Amino acid sequence: EVQLVESGGGLVQAGGSLRLSCTASGFTFDGYRIGWFRQAPGKEREGVSFISRIDKSTYYADSLKGRFTISSDNAKNTVYLQMNSLKPEDTAVYYCAAPILWYDGSPWGDYWGQGTQVTVSS
């Protein structure tokens, strides 16, 4: 059974930092991308950042480059999202997903975690 378990969300003031973690289990292959989406109230779910387990290549949404950093520890089957200089507009539920596939130019995940709330106060 595939499971993705997130942790690390919380309440932080604008300008602060948080690190999200996602531990994956149950995958029968290694060559996949894993990463993060987020969904703010009243908005569509959007891709945030992804990383390849094979070559550690990364993807970031253009609006987040320079503030967020994704990394992974394959030995622990864990992916991290370091979020710095957080803004109120980063407030959302953050979801871990894998494998990441692209449909008509848009990313999506086959399996999803339960989500972790990130709230940034002004």
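The structure under discussion appears in the preceding block.
Here's a quick rundown of the structure. (Residues numbered from 1 in each chain as written. Predicted model: local features only at pLDDT ≥ 70, side-chain atom pairs only at ≥ 80, totals over all residues. Heavy atoms only, no water.)

One open sheet accounts for four strands, arranged β1-β3-β8-β7; its pairing is antiparallel. Looking at which strands have only one partner, the edges of the open sheet turn out to be β1 (3–7) and β7 (68–73). Neighbour to neighbour, the strand axes of the sheet diverge by 15° on average, direction disregarded. Alignment of β1 against strand β3 (residues 18–25), held across five bridges, turns out to be antiparallel. Bridge pairing in β3 places E6 opposite C22. (Pairing = 2+ DSSP bridges. Helix = DSSP H or I, 4+ residues; strand = E, 2+ residues; numbered from the N terminus. Axes fitted to C-alpha atoms, helices over the stretch in contact; angles between N-to-C directions.)

Turning our eyes to something else, we now look at the state of the cysteines. Going through the model one piece at a time under the given rule, you end up with one disulfide. The side chain of C22 participates in a disulfide bridge whose partner is C96; the two sulfur atoms lie 2.0 Å from each other. Across the disulfide from C22 to C96, rotation about the S-S bond amounts to roughly -75°, and the bridge is consequently left-handed. Within this pair, whereas C22 is found in strand β3, its partner C96 is found in strand β9 (residues 92–103), the two being separated by 74 residues in sequence. Neither C22 nor C96 differs from the other in exposure class; each is buried. (Disulfide = S-S within 2.5 Å. Buried < 20%, exposed > 50% of the residue type's maximum accessible area, 1.4 Å probe, protein only.)

Across six bridges, β3 lies against strand β8 (residues 78–83) in antiparallel orientation. Paired with S21 across the strands is Y80, a residue of β8.

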